[in-house]
Structure formats: C-alpha cells, structure tokens
Amino acid sequence: MTKYFRDLLLAAILSIASQQALAIDSQSLPDVDEGVVSISTVDPFKRVGYTVGDVIEREVTLTIKAPYKLIETSLPIVGYEKRYRGKVIGIELKEIQHSKIEHKDYTTHQLKLAYQVFTNSVVAKNAALGPEYLHLVNTKDKKQLVKYRVPSLDIAVSPIAIFGQVKVENNMSTFLEPLLLKNDQEKTRLKLAIAVLALSLLALLYIFGKHAWLPRMGGNFAKTYRAIKKLPHNDEGLKQAVAAVHHAFNQTAKVSVFNGNVDEFLAHNPNFLHIKDEISQFFGLSRQVYFEPSAVHSVGNNPRLWLLKFTKQCRDCERGLIPTTNKAGV
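Scope of this entry: the structure provided in the associated data block. Given the structure is predicted, the values throughout are model-derived calculations rather than measurements.

1. Re the side chain of T107
Link 1 in the chain: Tracing the backbone shows T107 in strand β6 (residues 106-117).
Link 2 in the chain: In terms of polar contacts, T107 uses its side chain to reach the side chain of K69, at 3.5 Å.
Link 3 in the chain: The contacts of T107, once residues within four sequence positions are left out, are L62, T63, I64, K69, K100, I101 and E102.

Pasting the structure below:
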C-alpha cells in the first residue's frame, strides 16, 4: 500500500512539474549536471541533397540516471517547424516515436524522429535538425527543473533545379564527401585474379613440392626421392638408392614387386602405366647392380642421375599427376 501511495505521489509531482515546464522557457532553465544523461544517436549517412518532400529520420537514445526523470511533455511536438539561427528553415517534425525502459537506478528513452522538408531554394543552403531541449525534474526535489540539449544535426537542402550558370566548386556543400568512382568491377576482377593466382601457386606447389604439406604429397616415392638426393655419388650410394626404390614399390603394392609381376602391380596402380617402360628399365638396372655386374642396362652412362629422375616420375604417378619424361630433367 505504501508503494502505491509513493507512485501516486511521484505521478502528481511529475504532473505539476510538467505544467510548470510548459510555462517555462527552456533557455531560462539551468543545464543538467554532467554525467546525469548519456546519449547515443543514429544519424542518416546522407547529409546533403535533401529537397522538397524528403523525410529525414534520426534515432536518439537517452539514459537518465535517478533521481532525475524526463518530463515527457517537453518532447518535440509534431508539426513544429525547425529554425536555423533563429530563422524558419521549412523543415517540420513529421513523426515522433517514444519508448522507455525503467530500471532501478536509471531510465532509457528511445526517440525515433522523422523530419520532412517543405522548402526549396535556387541554391544549396545549410540547415540543421535541432537542437532539441528536453526538461528533467529531480523527483527528490520537485522544484529542481533542468534542461538537456540534444545535439543538432547539420544538413544541407538542395534546389530541385539550378537556374543559370554556376560554379560547381562554389556550390559544393562542406558536408559532401569526396566523389568516388565506382570500382566494383575492378574489385571483382582483382578477386578473380587473386583466386587464379592462389590456385596456380597451389598447383605448382603440388607438382614441384618436396615436402608433405598437402594430401598425397608424403607418399612412398616422395620420401624415397628425398632420400636418394642425399646419398653419396658412388657404387655404394647407387646400391642404396636401388634398394630404396625397391622398398617404395613394395610399400605401394603391399607385396614384393619384381620384373615378373609388374603387370599385376600396374593393374592395381594404373597411375604408373605412364612409365611402364621406365619400370622395366629400373628392374634391368637392379639386376645389373645386385646380381649380374656384367649385364647391360639401358639407363645410360649415369645410372644414379637416371634413377633420381625415375624416382621423381614415380612420385608424380603416386600423386595422380602425369610424369615428365626423362629428357625433361629433374
């Protein structure tokens, strides 16, 4: 019951303060203390080029700390014609929407203001929305009335048509941002070029990459290729290289691969069909290195270099690429 009478008393105080506020000029009221009111605004991006009939919308959010309350009768009145430096500018408040959320220590007011332009001129001219003065009352001292100034918004009203010769630079509003050329098409082309470049670099990395950075880049022959490059350039190094390639074939096929079951290996690994002849040459080299030193192979005078090129071809095959020929080099 006590709370009911307290709310009733507060309503009566606000009503009396509202009537007093109507009779008091805003300019004669003191400003509210700093920190009592905080404000945020959502202003239109467009600041120039308004003509007859245009509607300018603005949102204002006020947070008022207790014990101060907004006297709602001091809100802007629909139909009130705005003034700029004391002169009527032909802009009226068309609509106002007010909502509030009350909390224990503060109240949040949201104002949606819509102004309409009713003026025209032969030249562009400056105008302003506001300032709006709102009245607040201290609920703990009903005689304490203060005002809060909602900042104005500077705009420019433009003529519908220009008569005679004018200098453009003299009629440019200071609110107008620099004129920019549209570059949407260039941006699209740049993005496509960057995408193509990225894919090209990725393809080159996949083809020539030596490390297992991408899927299928860390295969058996890729590891063997890197290992062979580190072996010494002598007969022992050649034997180790041949053994390493044999090991890569066996790991790939999951069985031991010899010259007699190459066709079976190719049936299960069709990517290696591109180098069927080179595989036969490799087994000929293997026979000469391990079993028949006097046997003749067909890999040329530098078996180690040929073997390195052959291992690179096998690496390309396991990656799903078409291998280069031996003549193309490493």
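Okay, back to it.
2. Comments concerning the pattern of salt bridges
If the charged atoms of two oppositely charged side chains come close together, the side chains can form a pair.
Link 1 in the chain: Applying the stated criterion across every chain, the model contains 7 salt bridges.
Link 2 in the chain: Close ionic contact of K100 with E72 constitutes a salt bridge, the shortest N to O distance being 2.9 Å. Of this pair, K100 sits in strand β5 (residues 87-102) while E72 is found in the loop between β3 (68-70) and β4 (81-84), placing the two residues 28 residues apart along the sequence.
Link 3 in the chain: For K312, the salt bridge is made with D316, and the minimal N-O distance between the two is 3.7 Å. Here K312 and its partner D316 are both found in helix α7 (residues 303-318), 4 residues apart, which amounts to about one turn of the helix.
Link 4 in the chain: Relative accessible area serves as the criterion here: at 7%, K312 is assigned to the buried category.
Link 5 in the chain: The network of salt bridges with common partners includes E72, K100 and E102.

3. Some details on the packing of helix α3 (residues 220-228) against helix α4 (residues 235-253)
Link 1 in the chain: Viewed as axis vectors pointing N to C, α3 and α4 meet at an angle of 170°, and their least axial separation amounts to 9 Å. The orientation of α3 with respect to α4, classified from their angle, is roughly antiparallel. Every residue of α4 that contacts α3 at N220, F221, T224 and I228 is listed here: A241, A244, V245, A248, F249, Q251 and T252.
Link 2 in the chain: Partitioned by chemical class, the residues of the contact of α3 with α4 number 7 nonpolar, 4 polar and no charged.

4. Notes on the sheet that holds β3
Link 1 in the chain: If you walk across this open sheet you meet the 3 strands as β3-β8-β9, and the pairing is antiparallel. Edge positions in the sheet fall to β3 and β9 (141-150), since each has one partner strand and no second. Neighbour-to-neighbour, the strand axes of this sheet turn through a mean angle of 35°, independent of strand direction.
Link 2 in the chain: Bridge analysis of β3 against strand β8 (residues 132-138) gives 3 bridges, and the strand direction is antiparallel.

Definitions and limits used
Residues numbered from 1 in each chain as written. Predicted model: local features only at pLDDT ≥ 70, side-chain atom pairs only at ≥ 80, totals over all residues. Heavy atoms only, no water. Helix = DSSP H or I, 4+ residues; strand = E, 2+ residues; numbered from the N terminus. Polar contact = N/O pair within 3.5 Å; in protein donor to acceptor, adjacent residues only side chain to side chain. Contact = heavy atoms within 4.5 Å. Salt bridge = Lys/Arg side-chain N within 4 Å of Asp/Glu carboxyl O. Buried < 20%, exposed > 50% of the residue type's maximum accessible area, 1.4 Å probe, protein only. Axes fitted to C-alpha atoms, helices over the stretch in contact; angles between N-to-C directions. Parallel < 35°, antiparallel > 145°, perpendicular 65-115°, else oblique. Nonpolar A, V, L, I, M, F, W, Y, C, P; charged D, E, K, R; others polar. Pairing = 2+ DSSP bridges.

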